[in-house]
Amino acid sequence: MDIKNDFPILKNRKITYLDSGATTQKPVQVIKKIEDFYENYNANPHRGAYSLSIQATEEYENTRTKIAKFINAKHREEIIFSKNATESLNLIAYSYGMENLKKDDEVVISIMEHHSNLVPWQKVTKTTGSKLNYMYINNEFELSDEEIENKITDKTKIVGITHVSNVTRNNK
């Protein structure tokens, strides 16, 4: 199965799109659901007592339930929505991080992180007195098992690692 077939913009193009940190391409399933929402439910969830707002709220909350089930969350209330990854990372850093990290706690990120997952942890660890540790990549642009085992310790409270980095490039 060629996953590119799910992404209309990538069909018939010989590219690998790695700029998802800035703009994420949408699979056809997401495009169709967005279209369905705009055609059938476009109103503010949780903001009105009129029928369209109630339908939008139901659609919104049903999505929360589906995502919770998909990622095996214990409770649907564990699922929050934000406008992008940067906002989510800031939310975690400045709410959880500022409130829970203490002196001698550690945050571990990879050296491949985008600034949106670097700068907040730099600020939070400086403010809380905790320590920011970096995992370094090998010659294959990977985090080795040894690096992971050495950097993630009992003092580690948060680990933030990119799935795909746009700051590395394999020159082989």
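Up top is the structure.
Below, the structure is looked at part by part. (Residues numbered from 1 in each chain as written. Predicted model: local features only at pLDDT ≥ 70, side-chain atom pairs only at ≥ 80, totals over all residues. Heavy atoms only, no water.)

## Some thoughts on the nonpolar core
Counting residues in each nonpolar core, the largest one holds 9 residues, listed as Ala93, Leu101, Val107, Ile109, Leu118, Trp121, Val124, Leu132 and Ile158. Elements supplying a minimum of two residues to this core: strand E1 (106–110) and helix H4 (119–128). Those residues within four positions of Leu132 in sequence are excluded, and the remaining contacts are Val107, Ile109, Leu118, Trp121, Gln122 and Thr125. (Core = buried A, V, L, I, M, F, W, Y, C linked by side-chain atoms within 4.5 Å. Buried < 20%, exposed > 50% of the residue type's maximum accessible area, 1.4 Å probe, protein only. Helix = DSSP H or I, 4+ residues; strand = E, 2+ residues; numbered from the N terminus. Contact = heavy atoms within 4.5 Å.)

## Considering the pairing of strand E2 (residues 131–135)
Walk down a regular strand and you will see the side chains alternate between the two sheet faces. Bridge count between E1 and E2: 5 bridges; the pairing is parallel. Its bridge partner lying in E2, Val108 is registered against Asn133. Regarding topology, H4 serves as the crossover connection from E1 to the parallel E2, and that connection is right-handed. (Pairing = 2+ DSSP bridges. Right-handed = clockwise from strand over helix to strand, strands pointing away.)

## Some remarks on the layout of surface pockets
Quantified by volume, the second largest pocket comes out at close to 700 Å³. Residue lining of the second largest pocket: 17 residues in total, with Val30, Lys33, Ile34, Phe37 and Thr63 positioned closest to the centre. Of all elements in the fold, only helix H1 (28–40) and helix H2 (51–70) reach the threshold of two or more residues within the lining of the second largest pocket. By residue number, the principal contributor to the lining of the second largest pocket is H1, which donates 6 residues. For the lining of the second largest pocket, a count of residues per class yields 9 nonpolar, 4 polar and 4 charged. (1 Å grid on protein atoms, 1.4 Å probe; cavity = no way out; pocket = protein on both sides within 12 Å on 5 of 7 lines; lining within 4 Å. Points joined across faces, edges and corners; volume = space filled by probe spheres on them. Nonpolar A, V, L, I, M, F, W, Y, C, P; charged D, E, K, R; others polar.)

## What about the packing of aromatic side chains?
Under the definition given, this model contains 3 aromatic pairs. Ring geometry for Phe37 and Tyr38: centres 6.0 Å apart, planes at 70°, overall edge-to-face. (Phe/Tyr/Trp six-rings, centres within 6.5 Å; stacked < 30°, edge-to-face > 60°.)

## Overview of the side chain of Glu113
Note on placement: Glu113 falls in the loop between E1 and H4. We note that Glu113 is buried and unpaired, the nearest opposite charge coming from Lys151 at a distance of 12 Å. Within polar-contact distance, the side chain of Glu113 engages the side chain of Asn117 at 2.9 Å. Here Glu113 is in contact with Gly160, Ile161 and Thr162, once residues within four sequence places are set aside. (Lys, Arg positive; Asp, Glu negative; His and termini not counted. Salt bridge = Lys/Arg side-chain N within 4 Å of Asp/Glu carboxyl O. Polar contact = N/O pair within 3.5 Å; in protein donor to acceptor, adjacent residues only side chain to side chain.)

## Quick notes on the packing of helix H3 (residues 85–100) against H4
Contact pair H3 / H4: the axes reach a minimum separation of 9 Å and the direction vectors enclose 10°. One element, H3, and the other, H4, form an angle in the roughly parallel class. Touching Asn90, Ile92, Ala93, Tyr94, Gly97 and Met98 of H3 are Pro120, Trp121, Lys123, Val124, Thr127 and Thr128, all from H4. Here the residues of the contact of H3 with H4 are counted per class, giving 7 nonpolar, 4 polar and 1 charged. (Axes fitted to C-alpha atoms, helices over the stretch in contact; angles between N-to-C directions. Parallel < 35°, antiparallel > 145°, perpendicular 65-115°, else oblique.)

## Side note on the sheet that holds E2
Taken together, 3 strands build an open sheet; the order of strands is E2-E1-E3 and the sheet is parallel. Among the strands making up the open sheet, the edge pair consists of E2 and strand E3 (156–160). Direction aside, the axes of adjacent strands within the sheet are offset by 25° on average. Against the sheet, H4 touches E1, E2 and E3, its axis set at about 145° to E2.

## Brief notes about H3
Under the 1.5 Å per step criterion, the end-to-end length of H3 is 21 Å for 16 residues, consistent within 8% with the ideal 22 Å. The opening residue of H3, the one whose side-chain oxygen lies 3.2 Å from the backbone nitrogen of Thr86, is Asn84. (Expected span 1.5 Å × (residues − 1).)

## Focus on the pattern of salt bridges
Taken as a whole and assessed by the stated rule, the structure comprises 8 salt bridges. Of the charged contacts in the structure, one is a salt bridge between Arg76 and Glu77, with a shortest N-O distance of 3.9 Å. Overall, Glu77 belongs to the exposed group, its relative accessible area being 58%. Among the charged side chains, a salt-bridge network with shared partners connects Glu61, Arg64, Arg76 and Glu77.

The quantities given are spatial measurements derived from coordinates; they are silent on function.
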